[in-house]
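What follows is each chain in one-letter form.
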Amino acid sequence: MKASLQRTYLISRVTFLEAVRQRFFAFLIVLGAAMVLSSLSFRFLDFGHGELKFIADFGFGGMFLFGSVLGVVMTAQLFFSEMDNRTALTLLAKPLSRTEFLLGKFFGAWAVLAVFLFTLSLLLGSVMWAREQTLLMQAEQRGLPPVNGLFSGGGIMTYALLQWLRMGVVIAIVLTISSIARTFLFAVIVGALAVVAGQLQWIAQDVLLKPTESLTYKAFLWTSSRLLPNLQQFNIGDALVLEPASVPADAIPWVVASGVFYMAAYLVLAAFIFRRREI
Amino acid sequence: MTSAISVRNLTKDFRIGIRGLKLRAIDNLSLEIPRGQVYGLLGPNGCGKSTTLKIILGLVSATAGEISILGNPSATASARERTGFLPEAPYFHKFLSGRELVRYCAQLSGVSAEKVGQAVEEALALAAMTEAANRPIGTYSKGMLQRIGFAQAIVHDPELVILDEPTAGVDPVGSAAIGRMIHAMRDKGKTVVLCSHLLGQVEQVCDRVAIMDRGKLVLEGKVEDVLARRDRHVMTIEALTPAARDAAETALAAHGAKVTSVTHPRRSLEDLFRELVTGSHDA
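Residues numbered from 1 in each chain as written. Chains lettered and ligands numbered in written order. Predicted model: local features only at pLDDT ≥ 70, side-chain atom pairs only at ≥ 80, totals over all residues. Heavy atoms only, no water.

Peer 1: Explain the overall build of chain A to me, please; I cannot follow it from the model alone.
Peer 2: Regarding its fold elements, chain A presents 11 helices and 0 strands. By principal-axis analysis of the C-alpha atoms, chain A measures approximately 70 × 55 × 35 Å. When burial is assessed residue by residue, chain A has 49% of its 279 residues classed as buried. For chain A, restricting intrachain contacts to residue pairs at least 6 apart in sequence, the fraction spanning at least 24 positions comes to 83%. Just so you have it, chain A exposes about 13500 Å², and 70% of that area is on carbon and sulfur atoms. With 21 positive and 15 negative side-chain charges, chain A shows a separation of 13 Å between the mean positions of the two kinds. (Helix = DSSP H or I, 4+ residues; strand = E, 2+ residues; numbered from the N terminus. Buried < 20%, exposed > 50% of the residue type's maximum accessible area, 1.4 Å probe, protein only. Contact = heavy atoms within 4.5 Å. Areas by Shrake-Rupley, 256 points an atom, 1.4 Å probe, with all protein chains shown as cover. Lys, Arg positive; Asp, Glu negative; His and termini not counted. Charge placed at Lys NZ, Arg CZ, Asp CG, Glu CD.)

As C-alpha cells, this is what we get:
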C-alpha cells in the first residue's frame, strides 16, 4: 500500500511539474488574474447590483471559465503527451499499475488546479477587501452608521474549495474520456461538451420533477440526469461570500458528498477502461 | 532453471476499421529465451518484433498464447520488478535532468530510499552519463537520450533487460558504447533481449537470434549455428582419408599451396537476413 502511494505520488509530482511549466498554464492564470483585476474597471456596469457582488461574480466567472478550460485541455494534454510521446511505455513497463498511473495523472492535474484557483481566490479576496475599505471610508465620510465586513473572506476560500472539487470532477470526467479516446482533440471536444452538459444538467432534473405518464421517459430522464453530475450546484459563491448566513446548513456537505461521489465513480470507470487500453 | 522468457503459441490480431477486419500481427509464435544470454529479435519493419516485446511487457494484450517472464506470468508487477525496458526512440520529460529521470525511474521500480542514490550513480556510470547527468534532458543528443534510457532501464538491477532498437539513429561511436553496455550486462549474468536493424552489431553481441517475418518465426538458434553454411565445407586436409589427402596435397602442392584446416564457412548475419526476409517481400 505504501509503495503504491509512493508510485502514485511520483507520477503526480512529475505531472504537476510538467503542467506548471507549460505556457498554457501561465497564459490562463494571467488571463484569470486580468479578469479579476478588470472587475474594478467594469464595476460601473453592475446593473443595479452591489459593487462587491459584481466584483465577486466577475471573479467567480473568470475562475470557473478559465479553470474549466485548464481542467479540460490540460488534463487531456497531460494524458496524451504520455501516450503520443511514448513515455507511458517506459513508465508502464515498470511495476506501476495502470490505476496508479491514472491516479497520478489525476492528482497532478488537480494540484495544478489548486494553485490556479487559490491564487485567483487570494487575488479576488484582496481586490474585494481593498474595495470594501474604500466603500466603508466613503460611508463614514457621509456619516452613515458603521457596518461590519461587507463580505466574507472565509466564504471566498470555501467557494475556492468547492470550485476545486468541481474541477476534480471535471478532471475525472476528462480522464475517463481520454482513456477511451484515440486523439487529444476528441478528448478535449467531448470533455468540453461534458462540462457544458453538466452545467445544464439541472434542466433534466427539473423536467424530472414534473409529472409524466411515460415511465420509460421518466427512466430515461432519471438515468441521463445522473450520468453527469450537476455542476451548477457548486455555484453558491455569491451567497457564501456576501450572505453566508443564507446558505442552508446541509448545502455544503451535500455538494461535497455529491462531488466526491462523481469524482470517485469516474475515476473507477477511467481505471477500468484504461486497464484494457493497448499502449 | 526456467527460461528468462517463454512464449508459447502467441497470436495477436489487431482490429482495423469498423467492419471487424483483423490484421494478424503475430502468428502462433513460440520462443524460449534462455537466461544469461544476449538474444536478438530480428525482422523487417512491421514483422511484429515490437508488438511481441509489448505483449511480453504487458503493454498490449495477446489474442491467444501464453507468456512467462522469469517464471512469472507476464504483466505481473513481480515480473516487471525484475525487468528493465528501453523503448524505441525513447522520449523523456525534457524538463527533468538525466539524474532526476534515473532517480524517478529507480523509485518507480521500487529501489529503496537508502539504495537509490548509489543505484542511480552506478547506472549513470555504466551508461557513461555521469558528466551530463545534471543537464536537462531537452539538451541531450540522440545518443545521450539512448544512453540515459539505458540507465533508467537498468537502475533497479533487473535480471532481464529488453532493448527495442537501442542503436536507432545513434552514430557508430554511440552504437559501440551501447554494445559495450550490453556486454557489461551479460558479464553480470543478466539476460538481454534486443531488437535491432544493425545486423553487424547483433552478430557481435548476441548469443542467439530469432528472425521474424510477417508475424512468424522463420529461424531461431545460436548465432554460430544459424550463420554456418552447412551446404558447403572448408576442409581441414589432415582430417581426410590419406588417399584423398595425398591427392589433394599433391594437387595443391603443385600450385605451391598447403592445406591446414577444413571448417564451415560463414556468411554474414545481414546476408542471412536478406535471404530469409527480402525474398518473401519481393513476391
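Peer 1: Hey, could you run me through the overall build of chain B in this one?
Peer 2: A count of helices and strands for chain B gives 10 helices and 10 strands. Counting across all 283 residues of chain B, residues that qualify as buried make up 48%. The contacts of chain B with a sequence gap of at least 6 include a subset with a gap of at least 24, amounting to 69%. When the accessible surface of chain B is summed, it comes to about 13400 Å², and 51% of that surface belongs to carbon and sulfur atoms.

Peer 1: Which parts of the structure should I look at to understand the nonpolar core?
Peer 2: One broad trend across soluble globular proteins is that nonpolar side chains are buried collectively. Residues A:F101, A:F116, A:M128, B:Y104, B:I162 and B:L194 are the most contacted members of the largest nonpolar core, which totals 161 residues. Those residues in contact with A:M128 that lie beyond four places of it in its chain are A:L52, A:I55, A:A56, A:F151, A:I156, A:V241 and A:L242. (Core = buried A, V, L, I, M, F, W, Y, C linked by side-chain atoms within 4.5 Å.)

Peer 1: Is there a simple way to think about the pairing of strand β3 (residues 38-42) of chain B in this case?
Peer 2: A regular strand places its side chains on the two faces of the sheet in alternate fashion. Residues and elements named next belong to chain B. Counting buried residues in β3 gives 5 out of 5 residues, a clear majority hidden from the surface. Here β3 shows a buried face lined by V38, G40 and L42 and a second buried face lined by Y39 and L41. Alignment of β3 against strand β8 (residues 191-195), held across 4 bridges, turns out to be parallel. Note that in β8 the partner of Y39 across the bridge is V193. Summarising the sheet, β3 and strand β9 (residues 208-213) pair through 4 bridges and their orientation is parallel. Bridge assignment links G40 to a residue of β9, and that residue is V209. (Pairing = 2+ DSSP bridges.)

Peer 1: I'm lost on the sheet that holds strand β7 (residues 160-164) of chain B in this one. Help?
Peer 2: Neighbouring strands of a sheet are bound in pairs by backbone hydrogen bonds; such pairs are parallel or else antiparallel. All names here are of chain B. Taking strand neighbours across the sheet as the criterion, the 6 strands line up as β6-β7-β8-β3-β9-β10 in an open arrangement whose pairing is mixed. In this open sheet, the two edge strands, each paired with only one partner strand, are β6 (83-86) and β10 (216-222). For this sheet the average axis-to-axis angle between neighbouring strands, irrespective of direction, equals 15°. On top of the sheet, helix α6 (residues 172-187) reaches β3, β7 and β8; it is set at about 150° to β8, its chief contact. (Axes fitted to C-alpha atoms, helices over the stretch in contact; angles between N-to-C directions.)

Peer 1: How should unusual backbone geometry be read in this particular structure?
Peer 2: Glycine aside, residues mostly have negative phi angles, and peptide bonds mostly take the trans form. We note that B:A89 has phi near 45°; this positive angle belongs to a residue other than glycine. Examined against the element boundaries, B:A89 turns out to sit in the loop between β6 and α3 (98-108).

Peer 1: Looking at this structure, how should I read the pattern of salt bridges?
Peer 2: Side chains that differ in sign of charge can pair as their charged atoms come close. Evaluation of the coordinates by the stated rule reveals 13 salt bridges over all chains. For the salt bridge of A:E82 with A:K105, the shortest nitrogen-to-oxygen distance reads 2.7 Å. Note that A:E82 is positioned in helix α3 (residues 51-84) and A:K105 in helix α5 (residues 98-141), a separation of 23 residues in sequence. The two residues A:E82 and A:K105 agree in class, both being buried. Salt-bridge contacts for A:E278 lead to B:K12; the nearest nitrogen and oxygen are separated by 2.5 Å. (Salt bridge = Lys/Arg side-chain N within 4 Å of Asp/Glu carboxyl O.)

Peer 1: Any chance you could explain the packing of aromatic side chains here in plain terms?
Peer 2: Residue and element names in this part refer to chain A. Per the stated rule, a full pass over the model turns up 11 aromatic pairs over all chains. Aromatic side chains F261 and Y262 sit 5.4 Å apart centroid to centroid with 75° between the ring planes, which places their arrangement in the edge-to-face category. Residue F261 is classed as exposed on the basis of its relative accessible area, which comes to 54%. The class for Y262 is buried, based on a relative accessible area of 10%. Every member of this aromatic cluster is reached through a ring pair, and the members are F106, F107, W110, F118 and W164. Across from the ring centre of F274, 5.6 Å away, lies the NZ or CZ of R98, which sits over that ring. (Phe/Tyr/Trp six-rings, centres within 6.5 Å; stacked < 30°, edge-to-face > 60°. Lys NZ or Arg CZ within 6 Å of the ring centre and 35° of its normal.)

Peer 1: What exactly am I supposed to notice about the side chain of A:E18 here?
Peer 2: Within the element layout of this structure, A:E18 appears in helix α1 (residues 2-20). Of the side chains with opposite charge, A:K105 comes closest to the buried, unpaired A:E18, at an N-O distance of 4.4 Å. In terms of polar contacts, A:E18 uses its side chain to reach the side chain of A:S81, at 3.5 Å. With near-sequence residues (within four places) excluded, A:E18 lies in contact with A:L78, A:S81, A:K105, B:H93 and B:F95. (Polar contact = N/O pair within 3.5 Å; in protein donor to acceptor, adjacent residues only side chain to side chain.)

Peer 1: What exactly am I supposed to notice about the sheet that holds strand β2 (residues 21-33) of chain B here?
Peer 2: All names here are of chain B. The sheet built from 4 strands is open, its strands ordered β2-β1-β4-β5 with antiparallel pairing. Since the sheet does not close on itself, it has two edges, and those belong to β2 and β5 (72-73), each with one partner. Bridge count between strand β1 (residues 5-16) and β2: 9 bridges; the pairing is antiparallel. Bridged to L10 within β2 is L29. Along the sheet face, helix α1 (residues 49-56) touches β1, β2 and β4 (64-69) and points at about 115° away from the line of β1.

Peer 1: Explain the side chain of B:T51 to me, please; I cannot follow it from the model alone.
Peer 2: Residue and element names in this part refer to chain B. Tracing the backbone through its elements, the reader meets T51 in helix α1. Among the residues examined, T51 registers a relative accessible area of 16% and is labelled buried. Residues within four places of T51 in sequence aside, it is in contact with K12, F14 and I26.

Peer 1: When you look at the packing of α3(A) against helix α7 (residues 184-199) of chain A in this model, what are you seeing that I'm missing?
Peer 2: Two packed helices can be described by the angle between their axes and the distance between those axes. Residue and element names in this part refer to chain A. In contact at an axis separation of 9 Å, α3 and α7 are set at 145° when each is read in the N-to-C sense. α3 and α7 meet at a crossing whose hand is right-handed. Contacts from F64, S68, V72, V73, A76, Q77 and F80 in α3 reach F184, A187, V188, G191, A192, V195 and Q199 in α7. Classifying every residue of the contact of α3 with α7 gives 10 nonpolar, 4 polar and no charged. (Left-handed = near helix turned anticlockwise from the far one by under 90°. Nonpolar A, V, L, I, M, F, W, Y, C, P; charged D, E, K, R; others polar.)

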